[in-house]
Amino acid sequence: MIRALVFDVFGTLVDWRSGVAREAARLLGAEAPTLDADAFADAWRRHYGPSMETVRSGARPFVDLDTLHAESLPLVLAEFGIVGAPDATRRELVQAWHRLDAWPDVPHALRRLRTRHLLAPNSNGHIRLMADLARRNGLIFDAILGVGHSRDYKPKPALYHDAVAAFGFAPAETLMVAAHSGDLAAAASHGLSTAHIARPREHGPGGGETAPNVPITYAARDLTDLADQLGC
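Reading guide: rules and limits
Residues numbered from 1 in each chain as written. Predicted model: local features only at pLDDT ≥ 70, side-chain atom pairs only at ≥ 80, totals over all residues. Heavy atoms only, no water. Helix = DSSP H or I, 4+ residues; strand = E, 2+ residues; numbered from the N terminus. Rg over C-alpha atoms; globule rule 2.2 N^0.38 Å. Buried < 20%, exposed > 50% of the residue type's maximum accessible area, 1.4 Å probe, protein only. Contact = heavy atoms within 4.5 Å. Areas by Shrake-Rupley, 256 points an atom, 1.4 Å probe, with all protein chains shown as cover. Lys, Arg positive; Asp, Glu negative; His and termini not counted. Charge placed at Lys NZ, Arg CZ, Asp CG, Glu CD. Pairing = 2+ DSSP bridges. Right-handed = clockwise from strand over helix to strand, strands pointing away. Phe/Tyr/Trp six-rings, centres within 6.5 Å; stacked < 30°, edge-to-face > 60°. Lys NZ or Arg CZ within 6 Å of the ring centre and 35° of its normal. Arc of directions from axis to C-beta. Salt bridge = Lys/Arg side-chain N within 4 Å of Asp/Glu carboxyl O. Axes fitted to C-alpha atoms, helices over the stretch in contact; angles between N-to-C directions. Parallel < 35°, antiparallel > 145°, perpendicular 65-115°, else oblique. Left-handed = near helix turned anticlockwise from the far one by under 90°. Nonpolar A, V, L, I, M, F, W, Y, C, P; charged D, E, K, R; others polar. Core = buried A, V, L, I, M, F, W, Y, C linked by side-chain atoms within 4.5 Å.

Q: I tried to follow the overall build of the protein on my own but got confused; where do I start?
A: For the protein, the helix and strand inventory stands at 11 helices and 8 strands. On C-alpha atoms alone, the protein measures out to a radius of gyration of 17 Å, which is about the 17 Å that the 2.2 N^0.38 rule sets for 232 residues. Each of the three principal axes of the protein carries a C-alpha extent, and together these read 55 × 35 × 30 Å. Among the 232 residues that make up the protein, the fraction classed as buried is 53%. Look at the contacts in the protein between residues 6 or more apart in sequence, and 67% of them connect residues 24 or more apart. Here the protein has roughly 9700 Å² of accessible surface; of this, 54% comes from carbon and sulfur atoms. Each charge sign in the protein was given a centre, from 24 positive and 27 negative side chains, and these centres are 4 Å apart.

The structure is reproduced here in structure tokens:
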């Protein structure tokens, strides 16, 4: 029996690409009036994994995602030929990741799921980032787990072990919910149950996973479908 659900957030619960593109277009309009904002968001996201690897590998102490985004932003600005963006604009661009919108199915489906299960994000975003996204989108969690709790980045084992320990249920009673097969494979390797949520527009039209490429416990069209499968 599933008793707790822990969620990937970027791509699974919130649409990072559209949100970052929207804020980039707004904030960089003066410096780059012809900016391809979607391409800018994609370029910034490409630094996501490599920047976290500096922490995962032990090459540096833990720093949060705001710090990593701030460090990679100059590389992205340079890639698009944007020079002279004020420091205040750069700070606001980092905050764009705090102003992302949930996918339309998410708020109501989470309310349904919470009637029968404990819920928490298990994200690479730190506690303030998760709190800001939850408040913006009306998402109610029972705890905030993930990188702020474990001080490391997925797919390191601590993120999954700590998520199980936090609620005190058996690993198989804890369901990792994500739109990314790699995250689910890592969770399953530590005994968690897994649910894949199809997000075919995560990277733009036709740019997300529509089906898992690893064995999973549940496959769902969206979070509403998962709530139906769990009887919520």
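Q: Sorry, what's going on with the pairing of strand E4 (residues 118–123) here?
A: Where a strand is regular, its side chains alternate between the two sheet faces. Counting buried residues in E4 gives 5 out of 6 residues, a clear majority hidden from the surface. Relative to strand E5 (residues 145–146), E4 runs parallel, the two sharing 2 bridges. Looking across to E5, one finds that Asn122 is bridged to Leu145. Crossover E4 to E5 through helix H7 (residues 127–137) is right-handed.

Q: Any chance you could explain the packing of aromatic side chains here in plain terms?
A: Here the distance between the centres and the angle between the planes together describe a pair of aromatic rings. Within the structure shown, the criterion is met by 7 aromatic pairs. Consider the rings of Phe40 and Phe80, whose centres lie 5.4 Å apart with planes at 55°: the pair is tilted. A residue pair is termed long-range when its members are at least 10 positions apart, and Phe40 in helix H2 (residues 37–46) and Phe80 in the loop between helix H4 (65–79) and helix H5 (87–95) qualify at 40 residues. Classification of Phe40 by relative accessible area gives buried; the value is 0%. By relative accessible area, which is 26% here, Phe80 ends up partly exposed. Cluster of aromatic residues (ring-pair linked, three or more members): Phe10, Trp16, Phe40, Trp44, Tyr48, Phe80 and Trp97. One residue, Arg45, lies across the ring of Trp16, its end atom 4.8 Å from the ring centre. Here Arg45 stacks its cationic end above the ring of Tyr48, 4.1 Å away from the centre of that ring.

Q: I keep staring at H5 and nothing clicks. Help me out?
A: For an α-helix, the turn length of 3.6 residues means that residues three or four places apart are oriented alike. Those residues of H5 that fall on the buried side of the exposure criterion are Thr89, Leu93 and Val94. Here the buried residues of H5 occupy an arc of 145° about the axis, which is enough to place them on one side. Seen from the open side of H5, the exposed residues pointing more than 90 degrees away from its buried face are Asp87 and Arg91. Of the surrounding secondary structure, the elements contacted by the buried residues of H5 are helix H1 (16–27), H2 and H4.

Q: Looking at this structure, how should I read the pattern of salt bridges?
A: Pairing between side chains becomes possible if they bear opposite charge and their charged atoms approach one another. Under the defined criterion, the tally for this structure stands at 21 salt bridges. A salt bridge links Glu23 to Arg99; the shortest N-O distance between them is 2.9 Å. With a gap of 76 residues between them, Glu23 in helix H1 and Arg99 in the loop between H5 and strand E3 (101–102) connect regions that are remote in the sequence. The salt bridge partner of Glu79 is Arg46, with a shortest N-O separation of 3.5 Å. One end of the pair, Glu79, is in helix H4; the other, Arg46, is in helix H2, and 33 residues separate them in sequence. We classify Arg46 as exposed; its relative accessible area is 54%. Sharing partners across several salt bridges, the network here consists of Arg22, Glu23, Arg26, Glu92, Arg99, Asp101 and Arg136.

Q: Honestly, the packing of H4 against H5 in this entry has me stumped. Any pointers?
A: For any two helices packed against each other, one specifies the inter-axial angle together with the distance between the axes. Where H4 contacts H5, the axes come no closer than 10 Å and their chain directions differ by 120°. When the interaxial angle is binned, H4 and H5 end up oblique. Here H4 runs over H5; the crossing is right-handed. Every residue of H5 that contacts H4 at Asp66, His69, Ala70, Leu73, Pro74 and Leu77 is listed here: Arg90, Leu93, Val94 and Gln95. Class assignment for the residues of the contact of H4 with H5 results in 6 nonpolar, 2 polar and 2 charged.

Q: Please explain the nonpolar core as it appears in this structure.
A: One broad trend across soluble globular proteins is that nonpolar side chains are buried collectively. Ranked by size, the top nonpolar core spans 61 residues in total, and within it Leu5, Phe7, Phe10, Phe40, Leu223 and Leu226 carry the most contacts. Filtering out sequence-adjacent residues up to four positions away, Phe40 remains in contact with Ala24, Leu28, Leu35, Leu73, Val76, Leu77, Phe80 and Ile82. If you look at the next biggest cluster of nonpolar residues, it comprises 16 residues, including Phe167, Met176, Ala178 and Ala187.

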